[in-house]
Amino acid sequence: MNYVLFGMQGSGKGTQSKFLAEKFGLAIFETGAALRALASDGSELGNKVKAIMEAGNLVSTEVVMEIIADFIHKLPEGQSVLFDGIPRSKDQQEQFDALMESEGLNFTGILIEISEDEALRRLTTRRLCSSCKSVFPAFYEGDKCENCDGELTTRKDDTPDAIRVRLDTFLEKTVPVIEAYKAQEKMIIVNGEQSIEGVTSELINKIG
Ligand code: AMP
């Protein structure tokens, strides 16, 4: 089975996707990371994508679908995937559903639920390793990355204005996608406002 992970920014999707991928042998497609790679390649398209991302807006569906189709086509036969950060709007949902159907891939949605207040609190306090891009929550006390000893910095799009835009985009555009998958009984829901281990074990129990 393939999984599509949903959650407001700051819900811990990135952290949980690593646990799930390891536990269930899934490949991860992280849309934001794929787009950050494109944004830093120095191409004309990359520079356009970079400006859109820094403002906290959504990159065009055309660009996103091209990247995801390319990822799927390069997968080894029979490899299941955890998709993170797609689909984020109804037009992406239509194209994503059509792509999955044409590739013969079934999927279940997973929603890590947190409140808007909690998302705001987490986003304004998290840091990112400038080297390996690991994300560290507010309670991480170190000055350096625990994985590679890199310098910790804030994400370019974790400014108060860009955070507001991203949360509003989630509420306006992604929540209708979540509601649609819930109505199709295609969504597993877990409480994201508990310890990292608590979220992981609830996820594993519900997927299990
Ligand atoms: P994330 O790392 O998931 O918070 O994504 C960072 C940024 O990448 C977002 O604010 C958007 O600018 C862009 N992005 C990520 N996923 C998508 C998507 N499915 N469609 C359009 N833009 C996206």
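You'll find the structure just up there.
1. Some details on the packing of helix α4 (residues 61–73) against helix α5 (residues 90–103)
Two quantities define a packed helix pair, namely the angle between the axes and the distance from one axis to the other.
Argument step 1. Running from N to C, α4 and α5 cross one another at 20 degrees; their axes reach a closest spacing of 11 Å. Accordingly, the angle class assigned to the pair α4 and α5 is roughly parallel. Seen from above, α4 lies across α5 with right-handed handedness. Here α4 contributes T61, V64, M65, I68, A69, I72 and H73 to the contact with α5, which in turn contributes D91, Q92, Q95, F96, L99, M100 and E103.

2. Here's the deal with the pattern of salt bridges
Argument step 1. The tally for this structure, following the rule as stated, stands at 14 salt bridges.
Argument step 2. A salt bridge links R121 to E118, with the nearest nitrogen and oxygen atoms 2.9 Å apart. Taken together, the residues span about one helical turn, with R121 and E118 both in helix α6 (residues 116–125) at a distance of 3 residues.
Argument step 3. A salt bridge links K182 to E179; its shortest N-O distance comes to 3.4 Å. Of the two residues, K182 and E179 are both situated in helix α7 (residues 160–183); the distance of 3 residues between them amounts to about one turn of the helix.
Argument step 4. Look at the salt bridges and you will find they share partners, linking R126, R155, D157, D158 and R166 into a network.

Conventions used here
Each chain carries its own residue numbering, running from 1 in the direction its sequence is written. With the structure being a predicted model, the display of local features is reserved for residues of pLDDT at least 70 and the display and counting of side-chain atom pairs for 80 or more, all residues being used for whole-chain, interface and lining totals. Each side-chain value is derived from all of the structure's non-hydrogen atoms; neither hydrogens nor water enter the calculation. Each axis is a line fitted through C-alpha atoms, taken for helices only over the stretch in contact, and angles between the N-to-C directions span 0 to 180 degrees. Strands here mean DSSP runs of E at least two residues long; helices mean DSSP runs of H or I at least four residues long; both are numbered from the N terminus. An angle below 35 degrees is read as roughly parallel, one above 145 as roughly antiparallel, one from 65 to 115 as roughly perpendicular, and any other as oblique. Crossing handedness is defined as follows: a turn of the near helix away from the far one that is anticlockwise and smaller than a right angle gives a left-handed crossing, while the clockwise case is right-handed. Contact definition: two residues touch when any of their heavy atoms are within 4.5 Å. Should a side-chain nitrogen of Lys or Arg be within 4 Å of a carboxyl oxygen of Asp or Glu, the pair is scored as a salt bridge.

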